[in-house]
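Chain residues, written in single-letter form:
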Amino acid sequence: MNFIKHTIDLAKKNVEEGGRPFACLIVKEGKIIAEGANLVAQTKDPTAHAEIVAIRKATQLLQTEHLEKCVFYIMAHPCPMCLAAMYYCSPDKVIFITSRDDYSKYYTDNRKYFTFESFYGEFNKPWQERKMPMEYHPDAESIKVYARWKEKSRGQV
């Protein structure tokens, strides 16, 4: 099976069904174990990106948060949310089919705190300099939660 073509077909089908032009396949040992299309428009859930949808399916199927020995095929270079999710689940490889530059003249997704052009840079800034207001309110009690977790779990993730 041509996984790149299948990813493109999944994104195309999603567009025809009222969704956005993004899709993700998760492949393990040459077999598709999960696929997802961007369901944000359909569900009104801003986290329902194709990668997140597919990760949720794959982790449920495999009963693990670790997607080692998996390859992700994604329609476009991932947004920071999806990129972070992929870092957390540790696939062997991510193959993306279009770059932001490739599709930017056709698709933009500007929001209150970022534009298409500034999205990645916003995450590189110190939290005090981000456009989205953030405040730090430390509380000594909060660290005890982490200490207790470490004690109970012996630091195992």
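We now turn to the structure provided with this report. (Residues numbered from 1 in each chain as written. Predicted model: local features only at pLDDT ≥ 70, side-chain atom pairs only at ≥ 80, totals over all residues. Heavy atoms only, no water.)

1. Section: the packing of aromatic side chains
Counted under the stated rule, the structure contains 5 aromatic pairs. Judged by centre distance (5.4 Å) and plane angle (65°), the ring pair of F119 and F123 falls under edge-to-face. One end of the pair is F119 and the other is F123, both in helix α6 (residues 119–124) and 4 residues apart, which spans about a single turn. Classification of F119 by relative accessible area gives buried; the value is 16%. Residue F123 is classed as partly exposed on the basis of its relative accessible area of 47%. (Phe/Tyr/Trp six-rings, centres within 6.5 Å; stacked < 30°, edge-to-face > 60°. Helix = DSSP H or I, 4+ residues; strand = E, 2+ residues; numbered from the N terminus. Buried < 20%, exposed > 50% of the residue type's maximum accessible area, 1.4 Å probe, protein only.)

2. Overview of helix α4 (residues 80–89)
Considered for burial, the residues of α4 that qualify are P80, C82, A85, M86 and C89. Packing partners of the buried residues in α4 comprise α3 (50–62), β3 (70–76), β4 (93–98) and α6. Note on α4: the residue one or two positions beyond its end, S90, has a positive phi of about 60°. (Contact = heavy atoms within 4.5 Å.)

Honestly, that's just the spatial picture; any functional story needs more than this.
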